[in-house]
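Each chain is listed here by its residues.
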Amino acid sequence: MQDNILVVGSSGQIGTELVLELRKIYGNDRVIASDIVRSSQEIMNSGQFEILDITDNKKLLSIVKKHNISQIYLLAAILSANAEKNISFAWDLNMKSLFNVLNLAKEKLIKKIFWPSSIAVFGPTTPKNLTPQYTITEPNTVYGISKLSGERWCEYYFNKFNVDVRSIRYPGLIGWKSNPGGGTTDYAVEIFHQAIQKKAYTSFLSEHTTLPMMYMTDAIRATIQIMEAPSENIKIRSSYNLAGISFNPKEISNEISKHIEGFKINYSADFRQEIADSWPQSINDSLSREHWNWKSKYNLKIMTDEMMINLKNKYKLASDEK
Ligand code: NAD
Ligand code: AKB
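What you see is a predicted model; the values in this text were computed from it and never measured.

> Could you give me a rundown of the site of ligand 2, with the residues and numbers involved?
In the vicinity of ligand 2, the contacting residues are Leu79, Ser80, Ser118, Ile119, Tyr143, Gly183, Thr184, Thr185 and Trp279. The contact in question runs from a nitrogen atom of ligand 2 to an N or O atom on the side chain of Thr185, over 2.8 Å. Relative to its free-state accessible area of 250 Å², ligand 2 is covered by the protein chains to the extent of 94%. Structurally, ligand 2 is housed in the largest pocket. Two domains each donate at least three residues to the shell around ligand 2, and these are domain 1 (5–172 + 214–241) and domain 2 (175–213 + 245–281 + 298–321).

> Tell me what's going on with the sheet that holds strand E6 (residues 117–118), and back it up with residues and numbers.
Here we have three strands laid out as an open sheet, ordered E6-E8-E12, and parallel in their pairing. Of all the strands in the sheet, the pair left with one neighbour each is E6 and strand E12 (240–241).

> Which residues make up the site of ligand 1, and what values do they have?
Neighbouring residues of ligand 1: 27 residues in total, closest Gln13, Ile14, Asp35, Tyr143 and Leu173. Leu52 is positioned with one of its backbone polar atoms (N or O) 3.4 Å from a nitrogen atom of ligand 1. Here Lys147 contributes a side-chain N or O atom positioned 2.9 Å from an oxygen atom of ligand 1. A total of 820 Å² of accessible area belongs to ligand 1 in isolation, and the protein chains cover 91% of it. The cavity where ligand 1 resides is the largest pocket. Among the elements of the structure, helix H1 (13–26), E6, helix H6 (142–161) and strand E9 (172–174) are those that each provide at least two residues to the shell around ligand 1. Per-class residue counts for the shell around ligand 1 are 15 nonpolar, nine polar and three charged.

> An account of the packing of aromatic side chains is requested, with residue identities and associated values reported.
Enumeration according to the criterion identifies 13 aromatic pairs in this entry. Taking 4.9 Å as the distance between ring centres and 70° as the angle between the ring planes, the aromatic pair formed by Phe99 and Trp153 counts as edge-to-face. Of the two residues, Phe99 sits in helix H5 (residues 87–106) while Trp153 sits in helix H6, which places them 54 residues apart along the sequence. Among the residues examined, Trp153 registers a relative accessible area of 34% and is labelled partly exposed. The interplanar angle of 90° and the centroid separation of 6.4 Å between the aromatic rings of Tyr187 and Phe204 together place this pair among those described as edge-to-face.

> Give a detailed account of the nonpolar core, specifying residues and quantitative values.
Note that soluble globular proteins tend to have their nonpolar side chains buried in a common cluster. Counting residues in hydrophobic clusters, the biggest one holds 66 residues, and the most contacted among them are Ile72, Phe192, Phe247, Ile252 and Met303. No other element matches H5, which puts seven residues into this core. Here this core spans two domains, and each of domain 1 (5–172 + 214–241) and domain 2 (175–213 + 245–281 + 298–321) adds at least three residues to it. Listed in part, the 33 residues of the second largest apolar core include Leu18, Ala222, Ala229 and Leu242.

> Tell me about the sheet that holds strand E1 (residues 4–8), and name the residues and values.
What holds strands together in a sheet is hydrogen bonding between their backbones, with the strands either parallel or antiparallel. Taken together, the six strands give an open sheet; going across it, the order is E3-E2-E1-E4-E5-E7, and neighbouring strands pair in parallel fashion. Each edge of the open sheet carries a strand with a single partner, namely strand E3 (49–51) and strand E7 (164–166). Across the sheet, the mean angle from the axis of one strand to that of its neighbour is 20°, orientation sign disregarded. By the bridge criterion, three bridges tie strand E5 (residues 112–114) to E7 in an arrangement that is parallel. Looking at the pairing, Phe114 lines up with Arg166 of E7. Across the sheet, H5 is in contact with strand E4 (69–74), E5 and E7; its angle to E4 comes to roughly 160°. Sitting on the sheet, helix H8 (residues 216–228) is in contact with E4, E5 and E7, with an inclination near 155° to E5.

What counts and how
Residues numbered from 1 in each chain as written. Chains lettered and ligands numbered in written order. Predicted model: local features only at pLDDT ≥ 70, side-chain atom pairs only at ≥ 80, totals over all residues. Heavy atoms only, no water. Near = heavy atom within 4 Å. Polar contact = N/O pair within 3.5 Å; in protein donor to acceptor, adjacent residues only side chain to side chain. Areas by Shrake-Rupley, 256 points an atom, 1.4 Å probe, with all protein chains shown as cover. 1 Å grid on protein atoms, 1.4 Å probe; cavity = no way out; pocket = protein on both sides within 12 Å on 5 of 7 lines; lining within 4 Å. Sits in = over half its atoms within 2 Å of the grid points. Domains from an automatic or database assignment. Pairing = 2+ DSSP bridges. Helix = DSSP H or I, 4+ residues; strand = E, 2+ residues; numbered from the N terminus. Nonpolar A, V, L, I, M, F, W, Y, C, P; charged D, E, K, R; others polar. Phe/Tyr/Trp six-rings, centres within 6.5 Å; stacked < 30°, edge-to-face > 60°. Buried < 20%, exposed > 50% of the residue type's maximum accessible area, 1.4 Å probe, protein only. Core = buried A, V, L, I, M, F, W, Y, C linked by side-chain atoms within 4.5 Å. Axes fitted to C-alpha atoms, helices over the stretch in contact; angles between N-to-C directions. Contact = heavy atoms within 4.5 Å.

Given below as structure tokens:
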């Protein structure tokens, strides 16, 4: 029997795109999607799907055995803004999910793990510009604390138990195939939907809040690239810095205005402003470039052009179907 891949959290922003890309590369039968809720029609129709609560260790084990899983991409988590609303639930989910998967690899039941970290591991005392790989990490959000702890555990499991775990500190990700999932950088996804539907958007971050971001296509490519790299090239087993584009709400709204005549942006900062203010503005990802040949492709203009074409098309198709 062939080795198969399990994606946990396949209904979210990353999962929605990652499953389809993995199925293109490895074949529909070899990539099993899973989540606590059903995934997109495209995922449900193109391969196998399992309902899985990742905190349910027994069910996880039975799925791994049933499908002969050798690799897990663990995407299930509570993101920064939602995590602040229910801190103990977020901590439990973000940590328990990781331990359940790390322990499968420790017991040699699976061979390789992808687990995403985030720019949220940085905090207010971290240098903000071109934040280096090794620097001060004093996050002040429950999400950031869970990601930093997760990074330490990944490195520990690699050193002590030879677990092949690979990780990226994603910046804020922007894609058109799914809806935002409770993060602080998600304004940069919402803004596209509102621009097309209402020609207006009220940003929950102030106009000059610059954050590190990345187009989803670049992020998916990085994810698969780090997983396919030879093990000896992956010299950092906590998590790698990854950089795409940095911009603020004003800059992205200027770009969107070129596609939507009369587009208006207003600003009404809420609790997410404090989270954003604690994060870097740009990232130095030289070690990802050096170790596993990473290079981002999308700039703000090309990303905005692609988001606009695809989202306008998606809304048009949805209204044609009514
Ligand atoms: P998302 O919130 O869009 O998706 C998470 C998915 O996990 C959802 O489909 C949800 O139903 C599922 N889930 C929640 N609880 C579950 C459980 N108990 N069992 C199984 N599934 C469960 O998140 P995303 O944006 O796709 O992010 C995926 C991962 O990448 C997370 O670890 C996140 O921290 C990380 N990340 C994301 C970004 C980003 O900008 N999207 C940036 C940095 C890191
Ligand atoms: C969030 O805003 O919580 C995420 C992230 C940067 O980890 N998008």
